Amino acid sequence: MRPTPPLSLDPAPLPVRTGPPGAEAFGPAYTLTRPAGRPVPFVFASPHSGSLYPESMLEALRVPVMDLRRTEDAFIEELFASAPAAGATLLAACYGRSVADLNRDPRELDASMFDGPPPRTCGMPTARVEAGLGCLPRVAAGGTEIYSRRLTREEGEARLAHIHDAYHACLGDELAALRDTHGHAVLIDCHSMPSVQPGRRALADIVLGDRFGASCDPRLTSRAERAFRELGFSVARNAPYAGGYTTRRYGKPRRGVHALQIEINRGLYMDEQAVERLDRFDDLAGAIETVISNLLDTALILPKV
């Protein structure tokens, strides 16, 4: 039986839920589902599963909306929907990652995208920005340019403020509150990855990213790996995903906050071209419920501050 997802997906005929019109008229950036049972110091976060796109963005597209949808970590918040019943908090983004990528530093901006100065000071150029995959992405699936025009500074700032800043303010507050209450807090950053990637051999079913041991206690990573392997999944660590902006920003074990990124192979649960759940979706959700239970047990062994 599939857990009830925290987001209600409207059965609209189009493969997108359109946000309110206007560059600054944004709805909620996230949904936050608090524990239904006895609270534990865990937050499961899904920064890339949102599927809302503001009307101003849709009007500026030069690619089909489906090209944006294929970059989403679609349905991940549903796969982890059992977390609140187990006592954890579930945070899920509402807007698509092509609107604002919540797993990027807000300074990772491509100044060439804007008609005039960028909305904020840009950091040093990174490979992601040069590839068009900064905090405000320039390219969609397949590397195709997203926009038919340059963005205004106001459009960019609205997305950063109302989506990126709001999401991370919530996540930071939740982790700080849990650490203050329990002596430590754990962030499980939940993602999915394409099943096939150019130049790479077959990917594992699950990739765990702990920034090579820097973002969390090794016992948390080991417990996650063991839990997935016992259920028959192949597991890799830190290759090709070691954890991004979120695990780097929040994963401070010496300060009592542990962050582990989990990447799930999309071929396990969805049709990647149609962005639709496969029949085995419920089986995977059940397996993840078991993994969640195993992860929560680490609350008893992680050090407190």
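Below, the structure is looked at part by part. Starting afresh in each chain, residues are numbered from 1 along the sequence in its written order. Side-chain atom pairs in this predicted model are given and counted only at pLDDT of 80 or more, local residue features only at pLDDT of at least 70, and totals for whole chains, interfaces and linings cover all residues. Only hydrogens and water are set aside when side-chain values are computed; all heavy atoms of the structure are taken into account.

### As for the overall build of the protein
Alright, step 1. In DSSP terms, a helix is any run of H or I states spanning at least four residues, a strand is any run of E spanning at least two, and both are numbered starting from the N terminus. Along its length, the protein carries 8 helices and 11 strands.
Alright, step 2. Seen along its three principal axes, the alpha-carbon backbone of the protein occupies a region of about 50 × 40 × 40 Å.
Alright, step 3. In the protein, buried positions account for 55% of the 305 residues.
Alright, step 4. For the protein, contacts bridging at least 24 residues in sequence account for 82% of all contacts bridging at least 6.
Alright, step 5. Accessible surface area values rest on a Shrake-Rupley calculation with a 1.4 Å probe, where residue burial reflects the displayed protein chains alone. Surface accessibility of the protein: about 13100 Å² in total, with carbon and sulfur atoms responsible for 51%.
Alright, step 6. His is not counted, nor are the chain ends, whereas Lys and Arg count as positive and Asp and Glu as negative. Working definition for charges: the position is that of NZ of Lys, CZ of Arg, CG of Asp or CD of Glu. Taken as two groups, the 35 positive and 38 negative side-chain charges of the protein have centres that lie 7 Å from each other. Per-residue accessibility, obtained with a 1.4 Å probe over protein chains only, is compared with the maximum for each type, and a residue is labelled buried under 20%, exposed over 50%, and partly exposed between these values. Contacts were defined at the residue level, with two residues in contact if any of their heavy atoms lie within 4.5 Å.

### Observations regarding the nonpolar core
Alright, step 1. If you look at the biggest cluster of nonpolar residues, it comprises 42 residues, and the most contacted ones within it are Phe42, Phe44, Leu79, Phe80, Ile188 and Ile264.
Alright, step 2. Among the elements that make up this core, the one with the highest residue count is helix H8 (residues 281-296) (9 residues).
Alright, step 3. Those residues in contact with Phe42 that lie beyond four places of it in its chain are Ala88, Thr89, Leu178, Val186, Ile188, Leu220, Leu295, Leu296, Thr298 and Ala299.
Alright, step 4. Think of a nonpolar core as a cluster: buried Ala, Val, Leu, Ile, Met, Phe, Trp, Tyr and Cys residues, connected wherever their side-chain atoms sit within 4.5 Å. Met57, Tyr147, Ala158 and Cys170 belong to the second-largest nonpolar core, a separate cluster that totals 40 residues.

### Considering unusual backbone geometry
Peptide bonds are mostly trans, and most non-glycine residues show a negative phi.
Alright, step 1. Ala239 connects to Pro240 through a cis peptide bond whose omega is 5 degrees.
Alright, step 2. Here Pro240 lies in the loop between strand S8 (235-237) and helix H7 (245-250).
Alright, step 3. Notably, Arg211 is not glycine yet its phi reads approximately 55 degrees, a positive angle.
Alright, step 4. Positionally, Arg211 belongs in the loop between strand S7 (206-209) and helix H6 (218-230).
Alright, step 5. Within the chain, Val275 stands out as a residue other than glycine whose phi angle is a positive 55 degrees.

### So, the packing of aromatic side chains
Alright, step 1. Only centres within 6.5 Å qualify two rings of Phe, Tyr or Trp (six-membered ring in Trp) as a pair; their planes then separate them into stacked at under 30 degrees, edge-to-face at over 60, and tilted for everything else. This structure, assessed with the given rule, holds 6 aromatic pairs.
Alright, step 2. On the numbers, 6.3 Å between centres and 90 degrees between planes, the contact of Phe75 with Phe281 is edge-to-face. Within this pair, whereas Phe75 is found in the loop between helix H2 (65-69) and helix H3 (76-79), its partner Phe281 is found in helix H8, the two being separated by 206 residues in sequence. Assigned by exposure class, Phe75 and Phe281 land together as buried.
Alright, step 3. Pairing Tyr269 with Phe281 gives two aromatic rings, centres 5.9 Å apart and planes at 65 degrees, and the pair type is edge-to-face. With Tyr269 in the loop between strand S9 (257-265) and strand S10 (270-271) and Phe281 in helix H8, this residue pair connects regions lying 12 residues apart in the sequence.
Alright, step 4. Aromatic ring contacts, followed pair by pair, group Phe42, Phe44 and Phe80 into a single cluster.
Alright, step 5. When the NZ atom of lysine or the CZ atom of arginine is within 6 Å of a ring's centre and also within 35 degrees of its normal, the charge is said to sit over that ring. Directly above the aromatic system of Phe281 lies the positively charged group of Arg277, at a separation of 5.8 Å from the ring centroid.

### A look at H6
Alright, step 1. By this rule, a helix spans an expected 1.5 Å times one less than how many residues it contains. Compared with the 18 Å implied by 1.5 Å per residue over 13 residues, the 18 Å span of H6 between its first and last C-alpha is a close match.
Alright, step 2. Listing the buried residues of H6 in full gives Leu220, Thr221, Arg223, Ala224, Glu225, Ala227 and Phe228.
Alright, step 3. Tucked inside the fold, the buried residues of H6 contact strand S3 (42-46), strand S6 (185-193), S7, S8, S9 and H8.
Alright, step 4. After H6 finishes, the residue Gly232 shows a positive phi value of roughly 95 degrees.

### What to know about the state of the cysteines
Alright, step 1. Disulfide assignment relies on a single distance test, namely cysteine sulfur atoms paired within 2.5 Å. For the coordinates displayed, the defined rule picks out 0 disulfides.
Alright, step 2. With no disulfide of its own, Cys94 lies 11 Å from the sulfur of Cys170, the closest cysteine sulfur.
Alright, step 3. Cys135 carries a free sulfur, and the closest cysteine sulfur to it, the one in Cys122, is 11 Å from it.

### Focus on the layout of surface pockets
Alright, step 1. Within this scheme a cavity is a closed region of a 1 Å grid, computed over the protein atoms alone, that accommodates a 1.4 Å probe without allowing it to escape, whereas a pocket is open but has protein on both sides within 12 Å along at least five of seven lines; lining residues each have an atom within 4 Å of a point. Grid points are joined across faces, edges and corners, and a volume is the space filled by probe spheres set on the points. Estimates place the volume of the largest pocket at around 1100 Å³.
Alright, step 2. Lining the largest pocket are 41 residues, with Arg97, Arg104, Leu133, Pro194 and Tyr241 sitting closest to its centre.
Alright, step 3. Those elements that provide at least two residues to the lining of the largest pocket are S6, H7 and S9.
Alright, step 4. Examining the composition of the lining of the largest pocket, we find that 3 residues originate from one element, S6, more than from any other.
Alright, step 5. Per-class residue counts for the lining of the largest pocket are 14 nonpolar, 13 polar and 14 charged. Under the convention adopted here, Pro, Cys and the residues Ala, Val, Leu, Ile, Met, Phe, Trp and Tyr are nonpolar, Asp, Glu, Lys and Arg are charged, and Gly plus all remaining residues are polar.

### Observations regarding the pairing of S6
Alright, step 1. Along S6, 9 of the 9 residues are buried, which leaves the element largely enclosed by surrounding structure.
Alright, step 2. Burial along S6 is two-sided: Ala185, Leu187, Asp189, His191 and Met193 and Val186, Ile188, Cys190 and Ser192, pointing in opposite directions, are all buried.
Alright, step 3. The pairing criterion for strands is at least two bridges between them, as found by DSSP. Where S3 meets S6, 4 bridges bridge the pair, whose relative direction is parallel. Residue pairing in the sheet places Ala45 in a bridge with Asp189 of S6.
Alright, step 4. In terms of strand pairing, S6 meets S9 through 9 bridges, oriented parallel. Among the inter-strand pairings, Ser192 is bridged to a residue of S9, identified as Ile264.

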